Amino acid sequence: MLKKIIFRLLLVLFLTSLLVACSYCQDEATTMGTTGEEEEEEEPPKKGCSIWCWIQKIAMFVISQLLSGVFSLKRTMLLLKLLACLISCVTGAMTRSSSGTMVDFADPKVQGHLDALVRMAQSCVIKVRATPKDVRAYFTNSSPVSRSGQCFAACMLEQSDVINHGKVNRDLLVHLASLVNGKNSRVVRKLNSISRLCLDSIEGMSDRCQLASTYNDCLNENMVEFSFPLDIAEEAVRKMPFHLIQPNLPSDAKHHVY
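This section reports on the structure supplied with the text. Note that the structure is predicted; figures quoted are calculated from it, not measured. Counting starts from 1 at the beginning of each chain's written sequence and moves along it residue by residue. Local features in this predicted model are restricted to residues of pLDDT 70 or higher, and side-chain atom pairs are both shown and tallied only at a pLDDT of 80 or more, whereas totals for entire chains, interfaces and linings draw on every residue. Computation of side-chain values: all heavy atoms of the structure, hydrogens and water removed.

1. A short note on the pattern of salt bridges
- By definition, a salt bridge exists where a carboxyl oxygen of Asp or Glu is found within 4 Å of a side-chain nitrogen of Lys or Arg. Counted under the stated rule, the structure contains four salt bridges.
- Here R147 and D207 are joined by a salt bridge, their closest N and O atoms 2.9 Å apart. On the criterion of sequence distance, the pair formed by R147 in helix α6 (residues 147–159) and D207 in the loop between α8 (186–197) and α9 (208–222) is long-range, its members being 60 residues apart.
- You can call D207 partly exposed: its relative accessible area is 26%.
- Salt-bridge contacts for R238 lead to E235; the nearest nitrogen and oxygen are separated by 2.7 Å. A residue pair is termed a helical-turn pair when its members lie 3 or 4 positions apart in one helix, as R238 and E235 do in helix α10 (residues 230–238) at three residues.
- With relative accessibility at 58%, the residue R238 sits in the exposed group. Where helices and strands are cited, they refer to DSSP runs of H or I of at least four residues and of E of at least two residues respectively, numbered from the N terminus. We call a residue buried when its accessible area falls under 20% of the maximum for its residue type, exposed when it is over 50%, and partly exposed in between, using a 1.4 Å probe and counting protein chains only.

Here's what the structure looks like:
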């Protein structure tokens, strides 16, 4: 008899801690979509009871029955298995949804964006006489080690109009990312915040190449979600028209664009 009482008390303690955990997860899910200060639209509130809410209800029901002595051990274990199954399904769904924080490079929309990026890079390689190291640094989210690498980053951002005459167009940057990842995706919400914070890193800069490169470096350091896989980066480097760069241009013409 004493063993049964102790077992029930332990079950009540376990289910109580489960209720607290579910309450935390429910609050976390509720506040997840409202972190951006400059979100244009808020997601409509979800109606009804979430899955965490139902888990709480079931746990509270089991606790009440345990305390009243109505449930047998067999029935209690059956309900615990049901709870375990529910929690497993929920955590599995959360894991799949959290993968949305990373960019899916197999997505056709992402592939289209990457193709456009490669075409811009091909143009910029010729404009600034970029080297393979410069292009590789850009596509692997590494800081450029040369002036031509800085100007290559500037050319890429200016080609997409994200930077125009030394001014960063954050709205366009976030909009372009939302076309690929979805307006309300976590990665876009994060970019909305990071792109604003990175403006501090270029305050007072006037050199176009340094400004654009520094801003791009700040984005890269804080937005690992946009990192290209190494094989994609190397493929982009192989597509660059380095052979079209004339080696004997006068020094004053080499960087006439910048």
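What follows continues from the structure just given.
2. Thoughts on the state of the cysteines
- Note on terminology: pairs of cysteine sulfur atoms within 2.5 Å are recorded as disulfides. Counting across every chain of the model gives three disulfides.
- A sulfur-sulfur separation of 2.1 Å characterises the disulfide bridge that pairs C124 with C155. What sets the handedness of the C124 and C155 disulfide is the S-S torsion sign, and at about -85° it is left-handed. Within this pair, whereas C124 is found in helix α4 (residues 108–128), its partner C155 is found in helix α6, the two being separated by 31 residues in sequence.
- Bridging C151 to C209, the disulfide has an S-S length of 2.1 Å. Measuring handedness by torsion sign, the sulfur bridge of C151 and C209 sits at about 100° and is right-handed. Of this pair, C151 sits in helix α6 while C209 sits in helix α9, and the two are 58 residues apart along the sequence. Each member of the pair, C151 as well as C209, carries the same accessibility label: buried.

3. So, the nonpolar core
- Counting residues in hydrophobic clusters, the biggest one holds 25 residues, and the most contacted among them are V125, V135, F139, F152 and M156.
- Counting residues per element, this core draws most heavily on α4, at eight residues.
- Non-local contacts of F152, meaning those with residues more than four positions away in its chain, are made with A121, C124, V125, V128, A130, D134, V135 and Y138.
- The set of buried Ala, Val, Leu, Ile, Met, Phe, Trp, Tyr and Cys residues whose side-chain atoms join them within 4.5 Å is what this entry labels a nonpolar core. Counting 20 residues, the second-largest nonpolar core is a separate cluster that includes A154, I163, A177 and Y215. Any two residues whose heavy atoms approach within 4.5 Å at even a single point are treated as in contact.

4. A few points about the packing of helix α7 (residues 170–181) against α8
- The angle between two axes is taken between their N-to-C directions and runs from 0 to 180 degrees, where each axis is a line fitted to C-alpha atoms and a helix contributes only its stretch in contact. One can describe the packing of α7 onto α8 by two numbers: an axis separation of 9 Å at closest approach and a directional angle of 165°. What the angle tells us is that α7 and α8 run roughly antiparallel. When the axes of α7 and α8 are compared, the crossing they make is right-handed. Here α7 contributes R170, L173, V174, A177, S178 and N181 to the contact with α8, which in turn contributes V187, V188, L191, N192, S195 and R196. Working rule for angles: under 35 degrees goes down as roughly parallel, over 145 as roughly antiparallel, 65 to 115 as roughly perpendicular, anything else as oblique. By definition, turning the near helix anticlockwise from the far helix through less than a right angle yields a left-handed crossing, and turning it clockwise yields a right-handed one.

5. As for the environment of C155
- Under the relative-accessibility criterion, C155 is labelled buried at 2%.
- Distance in space between the C-alpha atoms of C155 and A212 is 8.5 Å, their sequence separation being 57 residues.

6. Considerations on unusual backbone geometry
- If you check the backbone angles, R129 has positive phi at about 55° while not being a glycine.
- As for its position among the elements, R129 is in the loop between α4 and α5 (132–139).
- Positive phi is not limited to glycine here, since D161 has a value of about 65°.
- Turning to its location among the elements, D161 is positioned in the loop between α6 and β1 (163–164).

7. Remarks on α6
- The span expected for a helix works out to 1.5 Å for each residue beyond the first. With 13 residues, α6 ought to run about 18 Å at 1.5 Å a step, and its terminal C-alpha atoms sit 18 Å apart, in line with that.
- With 10 of 13 residues buried, α6 is to be regarded as a mostly interior element.
- The inward-facing, buried residues of α6 abut α4, α5, β1 and α9.
- Following α6 by one or two positions, D161 adopts a phi angle in the positive range, close to 65°.

8. So, the packing of α4 against α6
- In the contact formed by α4 and α6, the axes pass within 9 Å of each other and the chain directions differ by 135°. Our classification of the angle between α4 and α6 gives oblique. Pair α4 / α6 crosses with right-handed handedness. Touching L117, M120, A121, S123, C124, V125, K127 and V128 of α4 are S148, C151, F152, C155, M156 and Q159, all from α6.
- Across the contact of α4 with α6, the residue classes tally to 10 nonpolar, three polar and one charged. Polar here means any residue outside two lists: the nonpolar Ala, Val, Leu, Ile, Met, Phe, Trp, Tyr, Cys and Pro, and the charged Asp, Glu, Lys and Arg; Gly therefore counts as polar.

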